[in-house]
Amino acid sequence: YSPEHGHPGDCIGTVVEGAVDVLECGKELRRVGAGSAVLHARDTVLQYRNSSDAPVRIVNLLVVEKGKPRALPPPEAAK
């Protein structure tokens, strides 16, 4: 799984292999399989969890201002 995190820009991705549960703050869990796209708006707190014993590969494109980090801890963790 990934730690809870956010991005200072938009995140667009594709699940290349396997299936992953996507947990977004305030939304119901979504299961996303190979060939499906994921989209997260900037500052969305999210977490990915592998939903099987098989490997998962996700390719993400992040649209972030130059000089900004690619990922951020969730706001409550940053305090």
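Residue positions are given per chain, counting from 1 as you read along its sequence in written order. Predicted model: local features are reported for residues with pLDDT of at least 70 only, side-chain atom pairs are reported and counted for 80 or more only, and whole-chain, interface and lining totals are derived from all residues. Just so you know, side-chain values use all the structure's heavy atoms and leave hydrogens and water out.

## Concerning the sheet that holds strand E3 (residues 30-33)
Strand pairing is defined by DSSP finding a minimum of two bridges between the two strands. Note on conventions: DSSP H or I runs of at least 4 residues are helices, E runs of at least 2 residues are strands, and numbering of each starts at the N terminus. Strand order in this open sheet of three strands is E3-E2-E5, and the pairing throughout is antiparallel. Edge strands, defined here as strands with exactly one partner in the open sheet, are E3 and strand E5 (46-50). When strand polarity is set aside, the average angle formed by the axes of neighbouring strands in this sheet is 30°. Where strand E2 (residues 19-24) meets E5, five bridges bridge the pair, whose relative direction is antiparallel. Across the sheet, leucine 23 pairs through a bridge with glutamine 47, a residue of E5. Axis definition: a line fitted to C-alpha atoms, over the contacting stretch in the case of helices. Angles run 0 to 180 degrees between N-to-C directions.

## Focus: the nonpolar core
Working definition of a nonpolar core: buried Ala, Val, Leu, Ile, Met, Phe, Trp, Tyr and Cys residues. They are joined through side-chain atoms within 4.5 Å. Each residue gets one of three labels from its accessible area relative to the maximum for its type: buried under 20%, exposed over 50%, partly exposed in between, using a 1.4 Å probe on protein chains only. Ranked by size, the top nonpolar core spans seven residues in total: Val15, Val20, Val22, Val32, Val38, Leu46 and Tyr48. At the level of elements, E2 and E5 are the ones that each hand at least two residues to this core. Beyond its immediate stretch of four places on either side in the chain, leucine 46 contacts Pro3, Glu4, His5, His7, Leu23, Glu24 and His40. Contacts between residues were defined by any pair of non-hydrogen atoms, one from each residue, lying within 4.5 Å.

## Description of the sheet that holds strand E6 (residues 57-63)
On the basis of which strands lie adjacent, the open sheet formed by three strands has the order E4-E1-E6 and antiparallel pairing. Both outer strands of the open sheet, strand E4 (37-40) and E6, are each paired with one neighbouring strand and no more. Put simply, the sheet's adjacent strands are angled 20° from each other on average, direction ignored. Bridge count between strand E1 (residues 10-17) and E6: seven bridges; the pairing is antiparallel.

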